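Residues per chain are reported as follows:
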2 protein chains.
Amino acid sequence: MAGPVAHSEQYKVIGTRPIRHDGIDKVVGRAKYGADYSAPAMLHGKILRSPHAHARIKSINAERALRMPGVRAVITHRDFAPLTGEVELQYGGETPFDAYFYTLNLLAKDKVLYHGHAVAAVAAVSPHLAEEALGLIEVQYEELPPVLDLIDAMKPEAPILLSEVRAQDDPNRSTNVASHFQFRRGDLERGFRAADYIVEHVFGTTMVHQGYIEPHNALAIYQPDGHVTVYCSTQGPFEIRMMCSKILGMDAGSIKVVPAEIGGGFGAKNYAYLEPLALLLSKKTGHPVKMVMTRTEVLRATGPTSGSKIKVKMGATRTGTITAAEVWMAFEAGAFPGSQVGVACITGLAPYTIPNFQVDGYDVLVSKPKVQPYRAPGAGNAALGVESVIDELAQRCGIDPMDFRLKNAVKEGSPTVAGPAFKRIGYIEVCEAIRDSPHYKSSLNGRNRGRGVATGFWINTGMESTATVNIHSDGTASLVTGSVDIGGTRAATAMCAAEVLGLRAEDVRPSVADTDSNGFTDITGGSRVAFATGLAAYQAAQDAVRQLKERAAKLWEISPNDVDWIDGKAVSKKNGVAPMSLKDLAKKLSRTGGPITGRANVHPTGVGPTFAACLVDVEVDPETGKVDILRCTMALDAGKAIHPSYVEGQMQGGASQGIGWALNEEYVFDKRGVMLNASFLDYRMPTCLDLPLIDAIVVEVPNPGHPYGVRGVAEVPIVPPPAAVANAVSHAIGVRVTQLPISPSNLFKLIRSARQ
Amino acid sequence: MAGPVAHSEQYKVIGTRPIRHDGIDKVVGRAKYGADYSAPAMLHGKILRSPHAHARIKSINAERALRMPGVRAVITHRDFAPLTGEVELQYGGETPFDAYFYTLNLLAKDKVLYHGHAVAAVAAVSPHLAEEALGLIEVQYEELPPVLDLIDAMKPEAPILLSEVRAQDDPNRSTNVASHFQFRRGDLERGFRAADYIVEHVFGTTMVHQGYIEPHNALAIYQPDGHVTVYCSTQGPFEIRMMCSKILGMDAGSIKVVPAEIGGGFGAKNYAYLEPLALLLSKKTGHPVKMVMTRTEVLRATGPTSGSKIKVKMGATRTGTITAAEVWMAFEAGAFPGSQVGVACITGLAPYTIPNFQVDGYDVLVSKPKVQPYRAPGAGNAALGVESVIDELAQRCGIDPMDFRLKNAVKEGSPTVAGPAFKRIGYIEVCEAIRDSPHYKSSLNGRNRGRGVATGFWINTGMESTATVNIHSDGTASLVTGSVDIGGTRAATAMCAAEVLGLRAEDVRPSVADTDSNGFTDITGGSRVAFATGLAAYQAAQDAVRQLKERAAKLWEISPNDVDWIDGKAVSKKNGVAPMSLKDLAKKLSRTGGPITGRANVHPTGVGPTFAACLVDVEVDPETGKVDILRCTMALDAGKAIHPSYVEGQMQGGASQGIGWALNEEYVFDKRGVMLNASFLDYRMPTCLDLPLIDAIVVEVPNPGHPYGVRGVAEVPIVPPPAAVANAVSHAIGVRVTQLPISPSNLFKLIRSARQ
């Protein structure tokens, strides 16, 4: 495993590997997750869910349930404040938010749109009584035909799922195609005419779940004065606050969201499923209400990521120059608009300089749960198509696949798919890191084996963060942020502050605050926390240092401009004054004006996009269709790895998920739209027994938009592996694999059909 | 009840009476107090206490206790890291702190110094097993004579309690007189020669307890990496952190103290009794350890306030001008040095311009628990003496007692007892408020009735506070401070920020943070929170407003200097731009640079001392000695009452405690030094059935050292009532009362001896 390769010599803390501050609490089981919270006189909420994938609700009668001893309240969609019937994008001052469809997903109104769609919720004195009471709620349904196939759903004759969704070209026509995105450049026809080789394939992926270990949960405490406290597992406490506020017509400031530790989210824990219901039940009953999903509920009724169809046609000259690319993608949105096909459109072709291209993306309603983001959402689907076709084009040209990529690689100044030019990026360095790796240089011997490589791109985001740094009397510091810690960001943000202050990472104690106790901070998502909240921590520490210099200047009776801060010491630019350490200075704060708090609010524009590459060796058992991953190497441009272990961890975690997605994970629906494998026994995620140790090569091409050069690293690692695995399996069996998952049954069928 | 009388028209929020933010949680029982916290795999700690008031410890054998099933650890003084044997004042960077005597009080070493002195602590799997295990610890004592009387303790032949305490004039001689303070001015002899009347009395008070409803508690969680979290009920989380750090030799930054809600403190919850023990037990066992005191432990082994002897001699001319005063005071320190006699010395004579005076104060060790501050500590004792003598002098001169005080009253420019001149103060205004009150103007008819008046002074403190203000997207704000909320300071500090921001009090949500989540903040004590933390909130809000103005300027493309902030709106000084409300501006933060956090750290020097006066009517039952309070009026200079209800609440609470102290409360010791009335049944505090509604007159003479003119109000209300009650009873029975409590048995004896 290679360490960081550049710039580390200039830092004392950045680039080192201290033990994470929250490690012990998590290891010994003391960290508090959402379901660990409770309150006096608390009730328990459970949700009644639709047994149909598409049906009209004719009536809901909760009288018998309400008469059951121990039951305190039942809510249905009617308990929401009336919202406009129009598809309306509301700006919450923080985030665009569509409360209308949101509430329809929270509790169905006139129609249920997927199997498991919430219809009513019960609060009772025990979870068992609440569960029992669900059976006493009488719902009359009129069944409607479910729409389960993406391509069928797009046809004009398909049953319409949401009449509110209208065609972009005809507002009078309802459709299941919620959006169409298009990006183009140059002249596609001329581009393909210039090609010596053209490769075209249609790829398919199925709906998969993020598979976070912790189910959704919420504890809401509604007070008679209209103030609310919500404890929950979320990536975005301020996001949950905003959603509850819009859904329930409350002022955001009257809601305090306390983020618990989070057992994984991967993009899907920014959405409120339980919080508004627990809040409504709490309001109705006057008691705290706690709700926790079962695993089956999580799989059936939260937001997995889209199944998709991807058609990719690309042409290249004999010498390996890409001349044209045409990409067509349709993504399952699930029951409500909003897949990630839009962002997928700008990722697939991102690594390449292509003079002529057209990308079309369609967001399509189907009778399945509303999708949510999943780690670099959409990019893995797009990369499966593009990187498979690139693989085959390279093969046709007789060029090494990494050399082929390097020949067409984007670099600083290259235009992005959306238009604006890239700033400094590390795609070439990532490709070279793989090309020059011992793994790539090794030979792969043996029958039924194949090697595949693929690359991937992710945009990353900045968004808003707040941080405060407090100097303690012993010369240590504490750091408060609003960023829920998923992947070690307490450590990373503390290190950003420690570097500035000249402290050890251990001497900066990080906390994650609730929405009342810290300034606005966007979600932990978009690979933004180490970058943006890290930047806030850096700036807050600088604000503290500025004040520390003022205090030293006061003690020395010189101008603050004559004080430097070097290695944790105030240093006078004048002669004859010994430097003063933070430890010594901290003791003198009281007599020089009081404590010191540094603070920063950031909304950074210097987001650094990033690239990753994955190299994988597989062995296929042709008799069973089982694929073994023999070896896997990931390379990624971290810009600058704050804590290399956690960058490597993200790479290994992302690769594991990408491999699971490639080989095994899928939502299996019956014809009625019922998910048949709604448990972790049947929904097959990889375990450590299924995977080798994944080698992680951290490449560091500094992001010019960040003082330490940091780029987000959390999402891109999932992008290349599905394509890399598909390429590897294709080489192993000599047939192009175009459909995920490459499960034993699917692969066995493919091998058999190829043999015929 | 009179409202604020001045300046309220200039404020929109300051001076109003919003419902406190934490009210509902406290009313419905949801607020979490110290004993409400627990942790997985938690053990329970109990303390073995001395059965002797003075004894040498010959041996401690815990083997049998350690063999008992369920017992996990026993600690004794030997478990503390060795500290120097010298009486050493250590500066923790925050607060002077004497760890040596502190640890001797936490767990006795070679000697026990009071009945109830902690000797060992046990951690076991249940509190009952821990309690049982105490009985298995074998301690061999050699009994020594206890020293229970203050005057006896001062005699050279008295048994020495702590050999480490040496005479100020002879470091080779051990003594029970730990300190002597003296303040003097002019020529005492000449002053008394100029007097027409001289009055002299000796007064006595007994040890009394603060009587907070919530016993001390602590939950400590020691982690293998040396980090600790401590949950506890304290007035000073940073103080507890510092104490634990010094006592246990840990870095302050490695200790996180989470302050629970607090069920009263009154000055005595700044001292760590359980926290270091729970921490040591947690370290020793590897488990979280929780300890909660019983009421009996609280009374016997925490810090009540000093019993005292006070000799006051004052002289005045026939026309009522005070010519001289001589005050001699001795205060019980309890088992270790540190009563509040020093500060008492500067309070008793503070209201009067006296050309010639001498005040002597003695801090005296006795075989009783180490005392702690109790609301304006020492001032009530001093006022009992001075205000009784003033009362009698006025009587001798034939001058109305308020007129007598007004004639000698201090005002701006008058010297304080310690020397420096008063800034703007409100003593005259307070006296006039009482003199002009309906109560004072009413006549008191009936036999055995008496009316008494007294005044009092308190210095108040400033110390250090940190606050941050965060602007939310809906235009509301949150406020984070480190000040534990005892008397409504969440509301008061939020109001200080709301006034600046132009918000309603309800729209600023206050939180009290732990020591990792906010900057250094001194104790909730010294009547400083509304003043100093309020000032921090005010400055943090101003820091936010400065940034809001910058944002408005950015939107309007003008200079920030051309933007005013008026009534919650950004207002352009240029023409033609409509003002922008905070609500509208808050929605635009994201696009103008991100969130806004205001922060302030203060160490204010403009502390405003304050005065109060108490007027009380009593009726004495000469057959039983029982005293009924018929009517009571308090006046107090709040400078500016931020939230008048809470100022009135402090006045009523302080008066109630002062009346309890005057009439009933006392530590009753037997000859062996065992407190005989160590329960709330036998330690007789007043209930609402014992008291009339106390009328509160809030006088507002603005403190020039604070932007709103605020003075601390929490402590001074306890100062005048004991003297006022004593004066009233004296008038009712025609005999000067000099001994507290004026309990039925004491008063009956006094009446009977006067009749003989």
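A short tour of the structure in this document, coming up.

Section: the overall build of chain A
- Counting its secondary structure elements, chain A contains 20 helices and 30 strands.
- With respect to the principal axes defined by its C-alpha atoms, chain A has extents near 85 × 75 × 50 Å.
- Every one of the 756 residues in chain A was classed for burial, and the buried ones make up 65%.
- Residue pairs in contact within chain A that sit at least 24 positions apart in sequence constitute 80% of those at least 6 positions apart.
- Chain A carries 77 positive and 77 negative side-chain charges, and their two centres are separated by 2 Å.

As for the sheet that holds strand β28 (residues 610–621) of chain A
Residues and elements named next belong to chain A.
- Read across the open sheet, the four strands follow the order β20-β28-β29-β30; overall the sheet is mixed. At either margin of the open sheet sits one strand with a lone partner, and together these are β20 (449–458) and β30 (695–699). Averaged over all pairs of adjacent strands, the angle between their axes in this sheet comes to 20°, without regard to strand direction.
- Most of the contacts of helix α19 (residues 720–733) go to β20, to which it runs at about 155°, and overall it touches β20, β28 and β29 (626–637).

Considerations on unusual backbone geometry
- A cis geometry characterises the amide bond from Leu-740 of chain A onward to Pro-741 of chain A, with omega recorded as -5°.
- Along the chain, the position of Pro-741 of chain A falls in the loop between α19 and α20 (744–755).
- At Met-463 of chain B, a position not held by glycine, the phi torsion is positive, near 60°.
- Relative to the assigned elements, Met-463 of chain B resides in the loop between β20 (449–458) and β21 (465–471).
- Positioned with a positive phi, Ser-527 of chain B is a non-glycine residue whose angle comes to about 50°.
- Within the element layout of this structure, Ser-527 of chain B appears in the loop between β23 (508–512) and α16 (529–556).

Quick notes on the pairing of strand β21 (residues 465–471) of chain A
Residue and element names in this part refer to chain A.
- When you tally the buried positions in β21, you get seven out of seven residues, the bulk of the element.
- Here six bridges tie β21 to strand β27 (residues 597–602), and the two strands are oriented antiparallel to one another. Each residue of the ladder has a partner; that of Ala-467, found in β27, is Ala-600.
- Bridge analysis of β21 against strand β22 (residues 477–481) gives five bridges, and the strand direction is antiparallel. Bridge pairing in β22 places Thr-468 opposite Val-480.
- Adjacent in sequence and paired antiparallel, β21 and β22 are bridged by five residues, among which Gly-475 carries a positive phi angle near 85°.

Considering α16 of chain B
- Between its first and last C-alpha, α16 of chain B extends 38 Å over 28 residues, near the 40 Å set by a 1.5 Å rise per residue.
- With its phi angle positive at about 55°, Glu-557 of chain B sits one or two positions after the end of α16 of chain B.

A closer look at the side chain of His-21 of chain B
Residue and element names in this part refer to chain B.
- Residue placement: His-21 occurs in the segment before α1 (23–28).
- Within polar-contact distance, the side chain of His-21 engages the backbone oxygen of Ala-505 at 2.8 Å.
- A distance of 2.9 Å separates a polar atom in the side chain of His-21 from the backbone oxygen of Val-508.
- Setting aside residues no more than four positions away along its own chain, His-21 makes contact with Arg-490, Ala-491, Ala-494, Ala-505, Glu-506, Val-508, Arg-509 and Pro-510.

Procedures and definitions
Residues numbered from 1 in each chain as written. Chains lettered and ligands numbered in written order. Predicted model: local features only at pLDDT ≥ 70, side-chain atom pairs only at ≥ 80, totals over all residues. Heavy atoms only, no water. Helix = DSSP H or I, 4+ residues; strand = E, 2+ residues; numbered from the N terminus. Buried < 20%, exposed > 50% of the residue type's maximum accessible area, 1.4 Å probe, protein only. Contact = heavy atoms within 4.5 Å. Lys, Arg positive; Asp, Glu negative; His and termini not counted. Charge placed at Lys NZ, Arg CZ, Asp CG, Glu CD. Pairing = 2+ DSSP bridges. Axes fitted to C-alpha atoms, helices over the stretch in contact; angles between N-to-C directions. Expected span 1.5 Å × (residues − 1). Polar contact = N/O pair within 3.5 Å; in protein donor to acceptor, adjacent residues only side chain to side chain.

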